[in-house]
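Read off the chains here:
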Amino acid sequence: MNKFKRILLKVGGESMLGDREYGIDPQAALEVAGKIKAIHDLGAQVAVIIGGGNIFRGLAGSKNGIDRATADYMGMLATVMNGMALADALEKSDVECRLFSALRMEQVAEFFVRGRAIKHLERGRVVIISAGTGVPYVTTDTGASLHGLELHCDVLMKATKVNGVYEADPMKDPKARRYKTLTYQDAILMEGVEIMDTAALAMCQENNLPVMVFKLFDENNLTKAVKGEDIGTYVANGVKTELA
């Protein structure tokens, strides 16, 4: 039985890379689609926010001399490209979906309207939301928190490269232990703990939206997360900070 009925899944653009250093690998897109199909088939209502780091990062572009607002818009366009690739992969996997964009580009995606997105979720369609919030100076993490709240999602699931939040970098320290649960206060204040940007975490804390952090491509982690099994790290109000 699923613990969470409606989820907001935040997927990094790097998940679309496959073995490439840049761009979109169609096979990687199909793998991501397969993970989403598995929880869709369990009856979960799924909204997806996808990043654009495999194509262009707005913050990196601004550091290299591009105007910050311009760079952020370029990053939004990168997420639309990833959204189109993921939508194509989902349709090929026999999962009905709708691609939304927070920027107007009706030829490739529906303009995001909250009520319309909720109706698609209620009708069993996967909803992909691209272009972040449609405004610069805001990360896709903040966009995920915002959309998770306005779509009345039960949880925000952030798929990463590691299986949860650790007390130290597990890539550098193999003895580092995973946090099973984290309070929002600790998630925001602890040094070396990077989950989402502070604005995104504060928004989730204030509005009581829990966050799960886990490794997307580790076995059936996404399915286990939807069922509420002990994988990754659960960040929420009303929990204690505990190591696994």
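Heads up: the structure comes first, above all this text.
These notes cover the structure that comes with them. A quick note: this is a predicted structure, and the numbers were derived from the prediction, not measured.

A word on unusual backbone geometry
Residue Asp 94 is not a glycine yet carries a positive backbone phi of 65°. On the secondary structure map, Asp 94 appears in the loop between helix 3 (68–92) and strand 3 (97–101). Relative accessible area serves as the criterion here: at 71%, Asp 94 is assigned to the exposed category. Of note, Ala 131 is a non-glycine position whose phi angle comes to about 70°, a positive value.

Section: the environment of Ala 44
With respect to the element layout, Ala 44 can be found in the loop between helix 1 (26–40) and strand 2 (45–50). For the pair Ala 44 and Asn 220, spaced 176 residues apart in sequence, the C-alpha to C-alpha distance is 15 Å. The residues touching Ala 44, leaving out its near neighbours within four places in the chain, are Asn 2, Lys 5, Ile 39 and Val 226.

With respect to the packing of helix 1 against helix 3
Running from N to C, helix 1 and helix 3 point in directions that differ by 60°, and their axes come no closer than 8 Å. Viewed along their axes, helix 1 and helix 3 adopt a mutual orientation that is oblique. In the packing of helix 1 onto helix 3, the handedness of the crossing is right-handed. Note on element contacts: helix 3 touches helix 1 through Ala 85, Leu 86, Ala 89, Leu 90 and Lys 92, opposite Ala 29, Leu 30, Val 32, Ala 33 and Ile 36.

What counts, and at which threshold
Residues numbered from 1 in each chain as written. Predicted model: local features only at pLDDT ≥ 70, side-chain atom pairs only at ≥ 80, totals over all residues. Heavy atoms only, no water. Helix = DSSP H or I, 4+ residues; strand = E, 2+ residues; numbered from the N terminus. Buried < 20%, exposed > 50% of the residue type's maximum accessible area, 1.4 Å probe, protein only. Contact = heavy atoms within 4.5 Å. Axes fitted to C-alpha atoms, helices over the stretch in contact; angles between N-to-C directions. Parallel < 35°, antiparallel > 145°, perpendicular 65-115°, else oblique. Left-handed = near helix turned anticlockwise from the far one by under 90°.

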